[in-house]
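# Fold and geometry: a report
What follows is each chain in one-letter form.
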Amino acid sequence: MSRKNLFGNLAVPIPQAGGEPPAAIAPERPFAGKERKPPRMASALGAITESLGAITEKAQKAEEMERRLAEGLTIVELDPANVDVSFVRDRMIYTDEDHTKLVDAIRANGQQVPILVRPHPKEQGRYQVAYGHRRLRAVTELGIQVRAVIRNLTDEQLVVAQGQENNERTNLTFIEKARFALRLEDAGFSREVIQQALCVDKTYLSRLINSIKNIPADIIDAIGYAPSIGQRRWQEFSEKLTVQKLAGLREALHSLEAQNAISDKRFEIALKALLIERPVSPPIEQWVSADGIRLAKYSQADKKFSLVIDEKAVPQFGQFLIGRMQSLYEEFVGSQSR
């Protein structure tokens, strides 16, 4: 696996952003033994086993690459207080349970895999993480130094390392990948760099970005990382979202049901809210007199006409209209019969 990229002769990914492995893999520990692909099985159990085997194999490959990259490079210990996160966020909030497992693993075995940092481009004596954010958070909580490899990286090299390392472990959800891609594009990175960072082709990158481009950031934050929700369902969500439905959607996501639900369930609650057809409020017009006084507001919808008189502007004008209603009505009827 020695392909050239923005790093010259180095292959990326390097160490994992956070160090927490996917399910069924012992966190922060190397794998022993020879990698083997699981046999293909026709049964549902066989399919699940094969899928987990593929995830395990990718995680093994990522850790081996991390260690190979670290060989020959000096691993230093840094004060976590002097290390800042990457300038572009890739992950959404992960569970307290995952964090606790990682903290316990590092407490028991030490930080086995170093993080990758670069000298901070703007602040002397500080560093910026390329990947290893979860490990950084864990060692900060433990009150110990963080083991790190320091490399001089351009912005492009940093985001490629950050994206490819996460891709090797296959533990970014669809929405996390899509947001990472959109954030990189908004930050001015070319599509070619983003493709390299996420290891995707041009067509799939377009799908990633287009599927969430019109979804407000606060809606995505409220739903969360939605691990079981893929591209097709996020695309459906985006297509059904309109400006008129935003208020109802936010109300649904702030409900007690949504607040107590896991991320996948919050997505379902949000999608259900989009499927509810809410009555559209008619536009409200104002009637202004020739001398510039705003006398009334009116609207019309479903064969109903509403008129609201502002009696602060013209006191008693509403009663005056009521007193003239019969004559106005007769005038109207006469005009219709002509």
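We now turn to the structure provided with this report. All figures in this text were calculated on a predicted structure; none of them were measured in a lab.

## Overview of the packing of aromatic side chains
- Counted according to the given criterion, the structure contains five aromatic pairs.
- Consider the rings of Phe-237 and Phe-267, whose centres lie 5.5 Å apart with planes at 35°: the pair is tilted. Of the two residues, Phe-237 is situated in helix H9 (residues 231–240) and Phe-267 in helix H12 (residues 263–275); the sequence distance between them amounts to 30 residues. The pair formed by Phe-237 and Phe-267 is uniform in burial state, with each residue classed as buried.
- Here the aromatic cluster, defined as three or more aromatic residues joined through ring pairs, consists of Trp-234, Phe-237 and Phe-267.

## Considering a nonpolar patch on the surface
- Residues Tyr-329, Phe-332 and Val-333 make up a contiguous nonpolar surface patch of roughly 310 Å² in combined accessible area.
- Looking at the secondary structure, you find Tyr-329 in helix H14 (residues 325–336).

## Quick notes on helix H6 (residues 191–198)
- Among all positions of H6, only Val-193, Ile-194, Gln-195, Ala-197 and Leu-198 are buried.
- Looking one or two residues beyond H6, the residue adopting positive phi is Cys-199, at roughly 55°.

## Section: the pairing of strand E7 (residues 294–301)
- Judged from the four bridges that link them, strand E6 (residues 285–288) and E7 form a sheet pairing that is antiparallel. Among the inter-strand pairings, Trp-287 is bridged to a residue of E7, identified as Ala-296.
- Taking the residues that link successive antiparallel strands as the turn, the E6-E7 hairpin has five residues, and the phi of Gly-292 there is positive, at about 90°.

## Overview of the sheet that holds strand E1 (residues 75–78)
- With respect to topology, five strands assemble into an open sheet ordered E1-E5-E3-E4-E2, the strand pairing being mixed. Both edges of this open sheet fall to E1 and strand E2 (83–84), since each of them pairs with a single strand only.
- Where strand E3 (residues 115–119) lies against strand E4 (residues 127–131), four bridges are found, and the strand directions are antiparallel. The residue of E4 that forms the bridge with Pro-119 is Tyr-127.
- Along the sheet face, helix H3 (residues 133–142) touches E2, E3, E4 and strand E5 (146–150) and points at about 125° away from the line of E4.

## Describing the sheet that holds E6
- One open sheet holds the three strands; their spatial order is E6-E7-E8, and the pairing between them is antiparallel. In this open sheet, the two strands that pair with only one neighbour each are E6 and strand E8 (304–309). If you compare each strand with its neighbour and ignore which way they point, the axes differ by 25° on average.
- Relative to E8, E7 is paired through six bridges, and the arrangement is antiparallel.

## Comments concerning the pattern of salt bridges
- Taken as a whole and judged by the stated rule, the model has nine salt bridges.
- In this structure, Arg-126 and Glu-123 form a salt bridge, with 3.7 Å as the shortest nitrogen-oxygen distance.
- When its relative accessible area of 40% is taken as the criterion, Glu-123 is described as partly exposed.
- Ionic pairing is found between Asp-221 and Arg-179, a salt bridge with its closest N-O pair at 2.7 Å. Within this pair, whereas Asp-221 is found in helix H8 (residues 217–223), its partner Arg-179 is found in helix H5 (residues 174–186), the two being separated by 42 residues in sequence.
- The exposure class of Asp-221 is partly exposed, given its relative accessible area of 43%.
- Here the salt bridges do not stand alone but share partners, grouping Asp-84, Glu-123 and Arg-126 into one network.

## Examining the nonpolar core
- Judged by nonpolar contacts, the single largest core of 48 residues is most densely connected at Ile-223, Trp-234, Phe-237 and Leu-249.
- The greatest single-element share of this core, amounting to seven residues, is contributed by H5.
- Those residues in contact with Phe-237 that sit more than four places away from it in its chain are Ile-215, Ile-219, Ile-223, Leu-249, Phe-267, Ala-270, Leu-271 and Leu-274.
- In terms of nonpolar packing, the next biggest core, distinct from the first, is built from 13 residues, Leu-102, Ile-106, Ala-138 and Val-146 among them.

## A look at the environment of Thr-74
- Along the chain, the position of Thr-74 falls in the loop between helix H1 (44–70) and E1.
- When its relative accessible area of 62% is taken as the criterion, Thr-74 is described as exposed.
- Along the primary structure Thr-74 and Arg-151 are separated by 77 residues, whereas in three dimensions their C-alpha atoms are 9.9 Å apart.

Rules used in this analysis
- Residues numbered from 1 in each chain as written.
- Predicted model: local features only at pLDDT ≥ 70, side-chain atom pairs only at ≥ 80, totals over all residues.
- Heavy atoms only, no water.
- Phe/Tyr/Trp six-rings, centres within 6.5 Å; stacked < 30°, edge-to-face > 60°.
- Helix = DSSP H or I, 4+ residues; strand = E, 2+ residues; numbered from the N terminus.
- Buried < 20%, exposed > 50% of the residue type's maximum accessible area, 1.4 Å probe, protein only.
- Patch = residues over 30% accessible without salt bridge, like charges linked within 9 Å, V, L, I, M, F, W, Y side chains within 5 Å.
- Areas by Shrake-Rupley, 256 points an atom, 1.4 Å probe, with all protein chains shown as cover.
- Salt bridge = Lys/Arg side-chain N within 4 Å of Asp/Glu carboxyl O.
- Pairing = 2+ DSSP bridges.
- Contact = heavy atoms within 4.5 Å.
- Axes fitted to C-alpha atoms, helices over the stretch in contact; angles between N-to-C directions.
- Core = buried A, V, L, I, M, F, W, Y, C linked by side-chain atoms within 4.5 Å.

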